[in-house]
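Tertiary structure, described
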Amino acid sequence: KPHFLKSRGGMKNPLIAKMWNQEKYADVIVKCGDVQFFAHRAYLGVWSPVFQRMFLSGMRESREKLVEFHEIKPSTFSYMMKFMYQQDIEMEPSEYLPLLVVACQYQVQ
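First, a word on what this report is: a plain description of the structure on this page.

About the criteria used
Residues numbered from 1 in each chain as written. Predicted model: local features only at pLDDT ≥ 70, side-chain atom pairs only at ≥ 80, totals over all residues. Heavy atoms only, no water. Helix = DSSP H or I, 4+ residues; strand = E, 2+ residues; numbered from the N terminus. Pairing = 2+ DSSP bridges. Axes fitted to C-alpha atoms, helices over the stretch in contact; angles between N-to-C directions. Contact = heavy atoms within 4.5 Å. Phe/Tyr/Trp six-rings, centres within 6.5 Å; stacked < 30°, edge-to-face > 60°. Buried < 20%, exposed > 50% of the residue type's maximum accessible area, 1.4 Å probe, protein only.

Digging into unusual backbone geometry
Unlike most non-glycine residues, Tyr25 shows phi in positive territory, near 75 degrees. As for its placement among the helices and strands, Tyr25 is situated in the loop between helix H1 (14-18) and strand S1 (28-32). If you check the backbone angles, Gln107 has positive phi at about 55 degrees while not being a glycine.

Next up, the structure:
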């Protein structure tokens, strides 16, 4: 696995992993193409300063439950979200570069 896909030692939390794409308790829906992902603003904001600014700055995304990304493939966003929530993903090598680009764009830390 490339180093950017490796879990941060000791950070994996099975309770948070269970929250991955579950509608229960989700306070935001992220839509990429025709695919919807259930997520949590606070959790996305912790991982990404871009999401943090989006959700806290008074932008439309901070007021509406649905956030749409037209430029991101659903599979790429799914991998990024799955990594954030589960800290571990299996994926095809052909997906590494698209994921790295999106993760850099959203400054996933």
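Details of the sheet that holds S1
Taken in spatial order, the 3 strands make up an open sheet running S2-S1-S3, and their pairing is mixed. Looking at strand neighbours, the two that pair on one side only are strand S2 (35-39) and strand S3 (66-69), the edges of this open sheet. Across the sheet, the mean angle from the axis of one strand to that of its neighbour is 25 degrees, orientation sign disregarded. Across 5 bridges, the pairing between S1 and S2 is antiparallel. In the strand pairing of S2, Ile29 is matched with Phe38. Docked against the sheet, helix H5 (residues 74-86) engages S1, S2 and S3, running at close to 15 degrees with respect to S2.

What about the packing of aromatic side chains?
According to the stated counting rule, one finds 8 aromatic pairs in the structure shown. With centroids separated by 5.8 Å and ring planes inclined at 15 degrees, the aromatic side chains of Phe51 and Phe55 adopt a geometry described as stacked. Placement of both Phe51 and Phe55 in helix H3 (residues 49-56) is noted, with a separation of 4 residues, approximately one turn of the helix. Residue classification places Phe51 among the buried positions, given a relative accessible area of 0%. For Phe55, a relative accessible area of 9% gives the class buried. With 6.1 Å between their ring centres and 75 degrees between their planes, Phe51 and Phe69 make a pair best called edge-to-face. Residue Phe51 is located in helix H3, and its partner Phe69 is located in strand S3; the two are separated by 18 residues in the primary sequence. On the basis of relative accessibility, which here comes to 5%, the residue Phe69 falls in the buried class.

All quantities given are derived from atomic positions and should not be read as evidence of function.
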